[in-house]
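Chains, contacts and geometry: an overview
These are the residues of each chain, in order.
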Amino acid sequence: MIHDGLSVLESRIAADLARTAHPRAPWLKPVTGPDGTPAHDVIIVGGGQSGLATAFGLLRSRVDNILVLDRAPAGQEGPWRSYARMHTLRSPKDFTGPDLDMPSLTYQSWHEAKFGIESWDELNLIPKGHWADYLAWFGHVVDIPVRNEAEVIDIAPADGLLAVTVRSGGAQQILHTRKLVLATGQESMGDWSLPAPFSCLPASRCAHCAETIDFAALAGKRVAVIGAGASAFDNAATALEAGAAEVHLLCRRPEAQVVQPYRWLTFRGFLRHLGDLDDAWRWRFMSAIMALREGFPQATYDRCAGHVAFRLHLGAPVLSAIDGPGGAELVTPSGPVAVDFVICATGIDIDLAVRPELSRFAGNIASWADRYTPPATERDERLGRFPYLADDYALCERVAGETPWIADIHLFSIASTMSFGASGSSINAMTTAVPRLVSGLTRGLFRADAGRLWAEFQAYDEPQAVVRKPACEPSS
Ligand SMILES: Cc1cc2nc3c(=O)[nH]c(=O)nc-3n(C[C@H](O)[C@H](O)[C@H](O)COP(=O)(O)OP(=O)(O)OC[C@H]3O[C@@H](n4cnc5c(N)ncnc54)[C@H](O)[C@@H]3O)c2cc1C
């Protein structure tokens, strides 16, 4: 029955895609790289939800010569089967995403086909494993070409194209492409941060929340989780459920952030047009929203609060950490906290130079600090490091003319947020942000091909009708 449901849905999708395929005409011509091998029109780095949705949008625009690369094994893309330590998605079940507004491709349609309509009606939040299964099915059903276990380690200019160095199975290969999308997720422009006080702790005592952590080994141990966002609570809950003796969640601020600013901004106007505002308005909105950080949902809190071993410390920034044979002592303004293991859920730091694929040109990627000086009351050094993107999500040069080819590298990740609001790395924004990105990509390809298209138009002589000679010529 279950399989029948999915195969019926897949037939419906095929019909829906066929009915909405207009205009069907291919419009791009094969391009060859400098080494004589075929080049791609677009390579997408990252086969998570953003990469898949972008690929789908491109296929719908008849940009067929594309390839998605992901360093993770098939099915392991994104955080869902690794460091996402919640049971369910935090976002409401009816947020649509990679379907790009095609009803038969939504999570709801997949869920109803697989588990029944009643199951959807009864569902509160989407189990994260189901979301990962849905994404894998989505990529398969819309036929996205994905190469897994293929890590992009360098991007360079190559005779008007981009040369993309891919490491796969111990070997390296160079692929050529006209355009490149970095859909590389949360750490796209930096890395998970370990705040300064923790740098003295050995790896056996301290990890950031996106690392693989042996939670079973924390049974009976004292654990500190640094941060108070949803991921901090998820890690605390996982440690509690693994039998940790004490879990201390240390929140720097005097109050926990319970308001979720991303709920407020969930309306088409903001999601679609924040990126159309001038720099002052974009900075004002996004610096305020990002300074608040994401609030955690009730279920995330309740998962911790139900355990007697859980302690929430508010107004407890860690001033220093001292490692000793009996554990680590974390010094806070309200006294020391002694623990055996520390998990930092303190977010991502923007540091382009640490990304191998960016290192060749990281120094010439324009940041917000390069382009905009906010009023003193709105200054934020961390947010100033976010890349300042063009209206098609392309990287901009810090010094014009040094690396002009980076205009063909488009960034669609969490680091796009300062320029466009919720956009890359967001389920919430996918239906508005992906079409804008796809439109930017097709605009660039079309503009670059204008000369070739003009010549093709000049040569176009396909008659649409046959004009027959009239039976009687009018008499002169
Ligand atoms: C723990 C966690 C929980 C979240 N929960 C929610 C939620 O409940 N609801 C919600 O709306 N949002 C949530 N988000 C936010 C967002 O939806 C996720 O981060 C989502 O995974 C973003 O999708 P993405 O495709 O942009 O990035 P990802 O899913 O992270 O995919 C990026 C991919 O790029 C690949 N990659 C990176 N670098 C390279 C390279 N150099 N070469 C090749 N491949 C590379 C990675 O292997 C990865 O598969 C959550 C985020 C996190 C971190």
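Since the structure is predicted, the reported quantities are computational estimates derived from the model, not experimental observations.

The rules we used
- Residues numbered from 1 in each chain as written.
- Predicted model: local features only at pLDDT ≥ 70, side-chain atom pairs only at ≥ 80, totals over all residues.
- Heavy atoms only, no water.
- Helix = DSSP H or I, 4+ residues; strand = E, 2+ residues; numbered from the N terminus.
- Rg over C-alpha atoms; globule rule 2.2 N^0.38 Å.
- Areas by Shrake-Rupley, 256 points an atom, 1.4 Å probe, with all protein chains shown as cover.
- Lys, Arg positive; Asp, Glu negative; His and termini not counted.
- Charge placed at Lys NZ, Arg CZ, Asp CG, Glu CD.
- Buried < 20%, exposed > 50% of the residue type's maximum accessible area, 1.4 Å probe, protein only.
- Contact = heavy atoms within 4.5 Å.
- Near = heavy atom within 4 Å.
- Nonpolar A, V, L, I, M, F, W, Y, C, P; charged D, E, K, R; others polar.
- Arc of directions from axis to C-beta.
- Polar contact = N/O pair within 3.5 Å; in protein donor to acceptor, adjacent residues only side chain to side chain.
- Salt bridge = Lys/Arg side-chain N within 4 Å of Asp/Glu carboxyl O.
- Phe/Tyr/Trp six-rings, centres within 6.5 Å; stacked < 30°, edge-to-face > 60°.
- Axes fitted to C-alpha atoms, helices over the stretch in contact; angles between N-to-C directions.
- Parallel < 35°, antiparallel > 145°, perpendicular 65-115°, else oblique.
- Left-handed = near helix turned anticlockwise from the far one by under 90°.
- Pairing = 2+ DSSP bridges.
- Domains from an automatic or database assignment.

**A word on the overall build of the chain**
Along its length, the chain carries 15 helices and 18 strands. Here the C-alpha atoms of the chain give a radius of gyration of 25 Å, agreeing with the 23 Å that 2.2 N^0.38 yields for 476 residues. Each of the three principal axes of the chain carries a C-alpha extent, and together these read 110 × 60 × 50 Å. Here the chain has roughly 22400 Å² of accessible surface; of this, 55% comes from carbon and sulfur atoms. Averaging the positions of the 43 positive and the 54 negative side-chain charges in the chain gives two centres separated by 2 Å.

**Some thoughts on the environment of Ser 320**
If you trace the backbone, Ser 320 turns up in strand E13 (residues 320–324). The exposure class assigned to Ser 320 is partly exposed, which follows from its relative accessible area of 28%. Ser 320 sits 123 residues away from Pro 197 along the chain, and the two C-alpha atoms are 4.8 Å apart. Apart from the residues within four sequence positions on either side, Ser 320 is in contact with Pro 197, Glu 329, Leu 330 and Val 331.

**Here we look at the site of the ligand**
Every one of the 31 residues lining the ligand counts as a neighbour, but Ser 50, Asp 70, Arg 90, Ser 91 and Gln 186 are closest to it. Calculation on the ligand without its partners gives an accessible area of 970 Å², and the protein chains cover 93% of this total. Residues that form the shell around the ligand fall into these classes: 13 nonpolar, 11 polar and 7 charged.

**Focus on helix H10 (residues 298–305)**
Of the positions making up H10, those classed as buried are Thr 300, Arg 303 and Cys 304. Seen along its axis, H10 keeps its buried residues to an arc of 90°; they face one direction. Contacts from the buried residues of H10 go to helix H6 (230–241) and strand E12 (310–313).

**Concerning the side chain of Glu 357**
Position of Glu 357 among the secondary structure elements: in the loop between strand E17 (348–350) and helix H11 (368–371). Side-chain polar atoms of Glu 357 contact the side chain of Arg 355, separated by 2.6 Å. Setting aside anything within four residues of it in sequence, one finds Glu 357 in contact with Val 152, Ile 153, Asp 154, Ile 155, Leu 182 and Thr 184.

**So, the pattern of salt bridges**
If charged atoms from side chains of opposite charge come close, those side chains can pair. Evaluated as defined, the whole model comprises 26 salt bridges. Here Asp 279 makes a salt bridge to Arg 282, at a shortest N to O gap of 2.8 Å. Placement of the pair is Asp 279 and Arg 282 together in helix H9 (residues 279–292), with a separation of 3 residues, close to one helical turn. Salt bridges sharing common partners tie together Lys 29, Asp 41, Arg 178, Asp 449, Arg 452 and Glu 456.

**Quick look at the packing of aromatic side chains**
Tallied over the entire structure, the rule returns 29 aromatic pairs. Arranged with centres 5.3 Å apart and planes meeting at 85°, the rings of Trp 264 and Phe 267 form a pair that is edge-to-face. With a centroid separation of 6.1 Å and 50° between ring planes, the pair formed by Trp 283 and Tyr 372 is classed as tilted. Separated by 89 residues along the polypeptide, Trp 283 in helix H9 and Tyr 372 in the loop between H11 and helix H12 (381–384) bring together distant segments of the chain. Accessibility expressed as a relative area gives 2% for Trp 283, which makes it buried. Grouped by ring-pair contacts, the aromatic residues Phe 56, Tyr 107, Trp 110, Phe 115, Trp 120, Trp 131, Tyr 134, Trp 137 and Phe 138 constitute a single cluster.

**A closer look at the packing of helix H2 (residues 49–60) against helix H5 (residues 128–141)**
As a packed pair, H2 and H5 sit with axes 10 Å apart at the nearest point and diverge in direction by 25°. When the interaxial angle is binned, H2 and H5 end up roughly parallel. For the pair H2 and H5, the sense of crossing is left-handed. Contact residues: Gln 49, Leu 52, Ala 53 and Phe 56 in H2; Trp 131, Leu 135, Phe 138 and Gly 139 in H5. Across the contact of H2 with H5, the residue classes break down as 6 nonpolar, 2 polar and no charged.

**Quick look at the sheet that holds strand E14 (residues 327–332)**
The sheet built from 3 strands is open, its strands ordered E13-E14-E15 with antiparallel pairing. Of all strands in the sheet, those bounded by a partner on one side alone are E13 and strand E15 (335–339). Geometrically, the sheet is characterised by an average inter-axis angle of 20° between neighbouring strands, direction not taken into account. In this sheet, E15 lies alongside E14 in antiparallel orientation, the contact comprising 5 bridges. From the neighbouring strand, Thr 332 faces E15, where its bridge partner is Gly 335.

**Here's the deal with the sheet that holds strand E16 (residues 341–344)**
Strand order across the open sheet formed by 5 strands is E9-E16-E10-E11-E12, with parallel pairing between neighbours. The open sheet has two free edges, formed respectively by strand E9 (206–208) and E12, since each of these has just one partner strand. The mean inter-strand angle of the sheet, taken between neighbouring strand axes irrespective of direction, is 20°. Along the sheet face, H6 touches strand E10 (222–226), strand E11 (246–250), E12 and E16 and points at about 175° away from the line of E11.

**Considerations on the domain arrangement of the chain**
Parsing the chain into structural domains produces domain 1 (2–189 + 349–454) and domain 2 (194–258 + 295–346). Summarising the inter-unit geometry, the C-alpha centres of domain 1 and domain 2 are found 33 Å apart. The interface is formed by 5 residues belonging to domain 1 together with 14 residues belonging to domain 2. Our count for the contact surface shared by domain 1 and domain 2 stands at 1 salt bridge. Asp 234 is the partner of Arg 90 in a salt bridge, and the nearest nitrogen-oxygen pair spans 2.4 Å. Its residues assigned to classes, the side of domain 1 that touches domain 2 shows 2 nonpolar, 1 polar and 2 charged.

**A closer look at the side chain of Thr 184**
Structurally, Thr 184 is set in the loop between strand E7 (171–182) and strand E8 (190–192). You can call Thr 184 buried: its relative accessible area is 15%. Every residue in contact with Thr 184, bar those within four places of it in the chain, is listed here: Val 45, Arg 355, Glu 357, Phe 412 and Ser 413.

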